Amino acid sequence: MNQVRGQVRGQVRNQAGNQVRGQVMSQVRVQVRVQVEDQVRDQVTDQVRGQVEKQVEDPVWDQVRDQVRDQTYNIN
Amino acid sequence: MLDKLNDEQIKGIEVCRDKWIKVGLQTGPIDRDAAIVAANKAYKCAGLEPPKEVVFCSSPLDMDKKIREISNNEHNFMSSYGFANCWSGWVAFIDYFHTYTDVKNLEAFEGLRDMSYNCGFVSFFDTHVFISERPEYIKMDDTGRTHCENGPAIRYADGFEVYIWHGVRVPKKWITDGPDIDQALHNSNLELRRVASEIIGWAKILDHYQAEVIDEDADPQIGTLLRVNIPEVGEEYFLKVLCGTGRTFAIPVPEQDDEGKRIDTALAANAWTYGIKPWEYKPEVRT
């Protein structure tokens, strides 16, 4: 771990996450936006994205994330 | 421009939805070799150099510890977690267009898609990517809410656990030992107070606060009408009733029925729970 820390110290200021998730996602969202009518996008949003969020993200990953937050800050 | 979905594309909606629900709820060890390939692809898709180090973490909590340690507390899990199965909704959305339509230029998304298949939570940095294992198990009730009444609903192999009662996160002690009645009913969070009451059971709470009997019907399946003073809540009315399965329940009932008439008998309270008048109450079968 020390070796890793030495390599990374001072190098993690700019998160690649902004690029990997932000840049890529905004890029693909733009493409979808440009190439798809509102009606189709809304249908896929409701029936695919919304359903997955409702059955996966909300009940599971939100709970895991909040538990890490609370445990880190000793809330529970 | 794609302005209408054809029959095949409409059929694909359910297939795509179910596929990503399955991926998003996947448990068990990740394939670390596949995760590294996917991470490199995600960086490449974003026009970046591959990460110098892939740091595997046994759980999101372990990830928080490692990110803090490596970044000298500049970052933590909460500020940096990114794509993977935790955002499977977005992945499903883009994957639908990628798979079932001819919308172009979605190749940049393939790295993130592959990470979702092969990783738990992920945090991306310039030189490092942190990848968490998936949980050992996720338990749910029959409505799809995370729930376990005798242990953690979500557990990671390193011991990180999440205790959840029908979708509401609760302190571990509430599940392992049961909530303390006085503490639970003074909880400032109303949702948690409701959940605590549910875990303890209203029948026990009413005994604890020595509820006063207003009317007791000869038939235990019609029940007993009770009044109780609950701290910081005030005076409440309950019908304590034996159900057809042999268990005793306490159901909150109002002081007055829907027409403003005072509910002063167990029969009236029981009838109210069915939305009928006391004289109409003649159940033939109870389950």
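My aim in this report is to walk through the structure given alongside it, one point at a time. Everything numeric in this text was worked out from a predicted model, so none of it was measured.

## Some thoughts on the overall build of chain B
Logical step 1: Scanning chain B from N- to C-terminus turns up 11 helices and 12 strands.
Logical step 2: For 287 residues, the compact-globule formula gives about 19 Å, and the C-alpha radius of gyration of chain B, at 27 Å, lies well above that figure.
Logical step 3: Here the C-alpha coordinates of chain B stretch approximately 75 × 50 × 30 Å along the principal axes.
Logical step 4: Counting the 287 residues in chain B, one finds 47% classified as buried.
Logical step 5: On chain B, roughly 14,100 Å² of surface is accessible, and the fraction owed to carbon and sulfur atoms is 48%.

## With respect to the nonpolar core
Note on soluble globular proteins: their nonpolar side chains tend to be buried together.
Logical step 1: Counting residues in hydrophobic clusters, the biggest one holds 68 residues, and the most contacted among them are Phe97, Met115, Phe121 and Ile131 of chain B.
Logical step 2: Here this core takes 9 residues from helix 3 (residues 38–72) of chain A, the largest share from any one element.
Logical step 3: Among residues more than four places away in sequence, those in contact with Phe97 of chain B are Val32, Val36, Val40, Arg41 and Val44 of chain A together with Leu2, Val103 and Leu106 of chain B.
Logical step 4: Core analysis: the next-biggest nonpolar cluster, separate from the first, contains 21 residues, Val168, Ala184, Ile205 and Tyr209 of chain B among them.

## Brief notes about the sheet that holds strand 4 (residues 137–138) of chain B
Logical step 1: The strand order across the open sheet built from 3 strands is 4-5-6 (chain B), with neighbouring strands paired in antiparallel fashion. A single partner strand is all that each edge strand has here, and the edge strands are strand 4 and strand 6 (161–162) of chain B.

## Points about the pattern of salt bridges
Logical step 1: Applying the stated criterion to the full structure yields 25 salt bridges over all chains.
Logical step 2: Note that Glu161 of chain B is salt-bridged to Arg155 of chain B, the shortest N-O span being 2.9 Å.
Logical step 3: Judged by relative accessible area, Glu161 of chain B falls into the buried class, the value being 17%.
Logical step 4: By relative accessible area, Arg155 of chain B is classed as partly exposed at 23%.
Logical step 5: Taking the shortest distance from any N to any O, the salt bridge between Lys240 of chain B and Asp207 of chain B comes out at 3.3 Å. Residue Lys240 of chain B is found in strand 11 (residues 234–242), and its partner Asp207 of chain B is found in helix 10 (residues 202–208); the two are separated by 33 residues along the sequence.
Logical step 6: Taken together, the shared-partner salt bridges connect Asp62, Arg65, Asp66, Arg69 and Asp70 of chain A together with Arg169 of chain B into one network.

## Focus on helix 3 (residues 60–70) of chain B
Logical step 1: Taken residue by residue, helix 3 of chain B has Pro60, Asp62, Met63, Asp64, Lys66, Ile67 and Ile70 of chain B as its buried positions.
Logical step 2: Looking one or two residues beyond helix 3 of chain B, the residue adopting positive phi is Asn72 of chain B, at roughly 50 degrees.

## Points about the packing of helix 2 (residues 32–45) of chain B against helix 6 (residues 110–118) of chain B
All names here are of chain B.
Logical step 1: Interaxial distance between helix 2 and helix 6 falls to 7 Å at its minimum, and their mutual angle equals 160 degrees. Here helix 6 runs roughly antiparallel to helix 2, going by the angle between their axes. The chirality of how helix 2 crosses helix 6 is left-handed. Of helix 6, the residues touching helix 2 (which contributes Ala34, Ala35, Ala38, Ala39, Lys41, Ala42 and Cys45) are Glu110, Gly111, Leu112, Arg113, Asp114, Met115 and Asn118.
Logical step 2: Here the contact of helix 2 with helix 6 is composed, by residue class, of 8 nonpolar, 2 polar and 4 charged.

Conventions adopted
Residues numbered from 1 in each chain as written. Chains lettered and ligands numbered in written order. Predicted model: local features only at pLDDT ≥ 70, side-chain atom pairs only at ≥ 80, totals over all residues. Heavy atoms only, no water. Helix = DSSP H or I, 4+ residues; strand = E, 2+ residues; numbered from the N terminus. Rg over C-alpha atoms; globule rule 2.2 N^0.38 Å. Buried < 20%, exposed > 50% of the residue type's maximum accessible area, 1.4 Å probe, protein only. Areas by Shrake-Rupley, 256 points an atom, 1.4 Å probe, with all protein chains shown as cover. Core = buried A, V, L, I, M, F, W, Y, C linked by side-chain atoms within 4.5 Å. Contact = heavy atoms within 4.5 Å. Pairing = 2+ DSSP bridges. Salt bridge = Lys/Arg side-chain N within 4 Å of Asp/Glu carboxyl O. Axes fitted to C-alpha atoms, helices over the stretch in contact; angles between N-to-C directions. Parallel < 35°, antiparallel > 145°, perpendicular 65-115°, else oblique. Left-handed = near helix turned anticlockwise from the far one by under 90°. Nonpolar A, V, L, I, M, F, W, Y, C, P; charged D, E, K, R; others polar.

None of this, on its own, says anything about what the molecule does.
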